[in-house]
Amino acid sequence: METTELISITQFCTNYNVPVSFINALQEYELIEITISESDNYLQTNQLNDVEKMMRLHYDLDINFEGIDAIYNLLKQVESLQSEITTLRNKLNFYEKL
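Okay, so let's go over this structure. Since we're looking at a predicted model, the values are computed, not measured. (Residues numbered from 1 in each chain as written. Predicted model: local features only at pLDDT ≥ 70, side-chain atom pairs only at ≥ 80, totals over all residues. Heavy atoms only, no water.)

The next subject is the overall build of the chain. Across its full length, the chain carries 4 helices and 3 strands. Helices and strands in the chain line up, N terminus first, as β-α-α-β-β-α-α. Its C-alpha radius of gyration of 18 Å places the chain more than 25% over the 13 Å reference for a compact globule of 98 residues. The principal-axis extents of the C-alpha atoms in the chain amount to approximately 60 × 35 × 20 Å. The burial tally for the chain puts 29% of its 98 residues in the buried class. Pairs at least 24 residues apart make up 54% of the contacts formed inside the chain by residues separated by at least 6 positions. Carbon together with sulfur atoms contributes 49% to the accessible area of the chain, which is approximately 7300 Å² in total. Counting 6 positive and 16 negative side-chain charges, the chain places the averaged centre of each group 17 Å from the other. (Helix = DSSP H or I, 4+ residues; strand = E, 2+ residues; numbered from the N terminus. Rg over C-alpha atoms; globule rule 2.2 N^0.38 Å. Buried < 20%, exposed > 50% of the residue type's maximum accessible area, 1.4 Å probe, protein only. Contact = heavy atoms within 4.5 Å. Areas by Shrake-Rupley, 256 points an atom, 1.4 Å probe, with all protein chains shown as cover. Lys, Arg positive; Asp, Glu negative; His and termini not counted. Charge placed at Lys NZ, Arg CZ, Asp CG, Glu CD.)

Now the structure itself:
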């Protein structure tokens, strides 16, 4: 993995004005993955959108980490079902054209 795909957790927390303990708590609930390299911890850049959403849920809506975990598991299920529906619609459209 290249370092361009990573952002330092300390830099992220400084820019977003959140404590490092928030990121550590997200990792404890297995909502994000932290990469450890050369005595510093990093987030993958493809996780930034999810972390920002979790920050809004926690700080703006005052949802605890258990709630965030439940919400994200449900969102993953919804995305999976939407993908399956799209695939099935495409197959149905193919067979209707025959």
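Let's shift gears to a nonpolar patch on the surface. Taken together, F94, Y95 and L98 make up a surface patch of nonpolar side chains, about 410 Å² in accessible area. Position of L98 among the secondary structure elements: in the segment after α4 (65–96). Since its relative accessible area comes to 73%, L98 is described here as exposed. (Patch = residues over 30% accessible without salt bridge, like charges linked within 9 Å, V, L, I, M, F, W, Y side chains within 5 Å. Salt bridge = Lys/Arg side-chain N within 4 Å of Asp/Glu carboxyl O.)

The next thing to look at is the environment of Y42. For Y42, the position within the fold is in strand β3 (residues 40–44). The sequence separation of Y42 and Q11 amounts to 31 residues, and the corresponding C-alpha distance is 9.2 Å.

Now for the pairing of β3. Here 3 bridges tie strand β1 (residues 6–8) to β3, and the two strands are oriented antiparallel to one another. Bridged to I7 within β3 is L43. Judged from the 4 bridges that link them, strand β2 (residues 34–37) and β3 form a sheet pairing that is antiparallel. Across the sheet, residue I34 finds its bridge partner in β3, namely L43. Once β2 ends, the chain turns through 2 residues before running back antiparallel as β3, passing E38 with a positive phi of about 50 degrees. (Pairing = 2+ DSSP bridges.)

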